[in-house]
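# Reading the structure
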Amino acid sequence: ISWGLFRNHEQQIYCAILCIAWLGLSCIDRETSVGTGKVLPDKILSISGNNQSGVVGNEAFADLTVRVLDAANQPVAKVKVEFLVQYGSAFVSDTIATTNFDGFAKTKVTYGLKADTIGIYAILLGVKGSPVLFSLQSSPADVTLLKAISDTVIVGVAASAQKVTVRASDIYNNPVKNAIIKFEAKSGKGSVADVNVVTYSDGTASTLWTLDTLVGANTLEASIVGRSMTPVVFTATSLPGSAAHLI
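Below is a short write-up of the structure. As the structure is a prediction and not an experimental result, all values here were calculated from the model.

For the chain, the helix and strand inventory stands at two helices and 21 strands. Among the 247 residues that make up the chain, the fraction classed as buried is 36%. Partitioning the contacts of the chain with sequence separation of at least 6, the portion at a separation of at least 24 is 58%. Accessible surface computed for the chain: about 14,300 Å², of which carbon and sulfur atoms make up 57%.

This is the structure:
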């Protein structure tokens, strides 16, 4: 600018003011709006991390990520987004995350020790799309424990059928589905209806154990196929039936 073009000091001052105003408007960034100050967040969007699953006690594979935009679909920086575990067993690394220059905010998730259905909200009050719901599912760890659900000491009539039930679980006591349980009569001349039984969603597996036709002791063992661990032992005493039954 050539200040010599202006005839007096007042005109030079006026020109300087206009130049400063023009420069200020041309340097507006994503955090400000022309003539109004801060850009107002208009909406929050889910970007990644929804509908994933993992094993209890582990960190989720993907971060939960949202994006905050203004009414013109431009990213808004320095906005605080709250991440809240609404239901299920899980933890977030950041309960409050601030959007970056591109409008993104994220947090990491660690599954709790209970196999569970999990819902986590990303909350930004007063904008469209809030709260954003992230759904996750945690599954049990590997099966490590087998225990009896039914009585392990049985007294019954010779040749009678007795139902025996066990439950498979992980180290955190979550039931394990689809584990293969082997039931095997070890002593006495009894038999089992099903030798290999797959556990249900509650971790249980059952079979019918027919006791020896002779009076005396019977033993049955239940173990997890493919796992080296102490089996669950059931013992039964076969008693004589009624006279009518024996004839």
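Okay, the side chain of Asn218 next. Along the chain, Asn218 turns up in strand β20 (residues 216–224). One polar contact links the side chain of Asn218 to the main-chain carbonyl oxygen of Gly216, over a distance of 3.3 Å. Excluding residues within four positions of it along the chain, Asn218 makes contact with Ser187, Gly188, Lys189, Gly190, Trp209, Leu211, Asp212, Phe234, Thr235, Ala236 and Ser238.

Formed by 24 residues in total, the largest nonpolar core has its most connected members in Val66 and Phe134. Elements that contribute at least two residues to this core include exactly β5 (64–69), β6 (80–87), β7 (90–92), β10 (109–111), β11 (117–123) and β12 (132–139). Among the nonpolar cores identified, the runner-up in size contains 21 residues, and Val143, Val197, Leu211 and Val232 belong to it.

Turning to unusual backbone geometry, a few remarks are in order. Residues apart from glycine generally show negative phi values, whereas peptide bonds are mostly found in trans. The residue after Ser130, namely Pro131, is reached through a cis peptide bond having omega 0 degrees. Assignment of secondary structure puts Pro131 in the loop between β11 and β12. Despite not being glycine, Ala159 shows a phi value in the positive range, around 70 degrees. Within the element layout of this structure, Ala159 appears in the loop between β14 (153–157) and β15 (161–169).

Moving on: the pattern of salt bridges. Counted under the stated rule, the structure contains six salt bridges. A salt bridge links Asp42 to Lys128; the shortest N-O distance between them is 3.5 Å. Of the two residues, Asp42 sits in the loop between β2 (37–38) and β3 (43–48) while Lys128 sits in the loop between β11 and β12, which places them 86 residues apart along the sequence. The salt bridge partner of Lys186 is Glu184, with a shortest N-O separation of 3.8 Å.

Across the sheet, five strands lie side by side as β4-β12-β11-β6-β8; this open sheet has mixed pairing. The sheet is open, and its two borders are formed by β4 (52–55) and β8 (96–98), each paired with just one other strand. If you compare each strand with its neighbour and ignore which way they point, the axes differ by 30 degrees on average.

Attention shifts here to the environment of Ser150. Here Ser150 lies in the loop between β13 (145–148) and β14. Residues Ser150 and Val166, spaced 16 residues apart in sequence, show a C-alpha to C-alpha distance of 7.0 Å. Contact partners of Ser150, with chain neighbours within four places excluded, come to Lys163, Val164, Thr165 and Phe234. Engagement of the side chain of Ser150 in a polar contact is seen with the backbone nitrogen of Thr165, the distance being 2.9 Å.

If you walk across this open sheet you meet the three strands as β3-β5-β9, and the pairing is antiparallel. Each edge of the sheet is formed by a strand with only one pairing partner; in this case those strands are β3 and β9 (104–107). Strand-to-strand twist of the sheet, defined as the mean angle between neighbouring strand axes without regard to direction, takes the value 25 degrees.

Reading the values: the criteria
All chains use their own residue numbering, which begins from 1 and follows the written sequence. Owing to the predicted nature of the model, reporting of local features is limited to residues with pLDDT of at least 70; listing and counting of side-chain atom pairs is limited to 80 or more, with chain, interface and lining totals taken over all residues. The side-chain figures draw on all heavy atoms in the structure; neither hydrogens nor water molecules are used. In this description a helix means any DSSP run of H or I spanning at least four residues, a strand means any run of E spanning at least two, and both kinds are numbered starting from the N terminus. Residue exposure (1.4 Å probe, protein chains only): buried if accessible area is under 20% of the type maximum, exposed if over 50%, otherwise partly exposed. Here, two residues are considered to be in contact whenever any of their heavy atoms come within 4.5 Å of each other. Surface accessibility in these figures is a Shrake-Rupley result with a 1.4 Å probe; residues are shielded only by whichever protein chains are displayed. For this analysis, a polar contact is any N or O atom pair within 3.5 Å, provided that within protein one partner can donate a hydrogen and the other can accept it, and provided that sequence-adjacent residues contribute only side-chain to side-chain pairs. As used in this record, nonpolar core signifies buried Ala, Val, Leu, Ile, Met, Phe, Trp, Tyr and Cys residues forming a set joined through side-chain atoms within 4.5 Å. Salt-bridge detection follows one rule: a side-chain nitrogen of Lys or Arg within 4 Å of a carboxyl oxygen of Asp or Glu. Strands were regarded as paired on the criterion that DSSP finds at least two bridges between them. Lines fitted to the C-alpha atoms define the axes, with helices restricted to the stretch that makes contact. Angles between their N-to-C directions range from 0 to 180 degrees.

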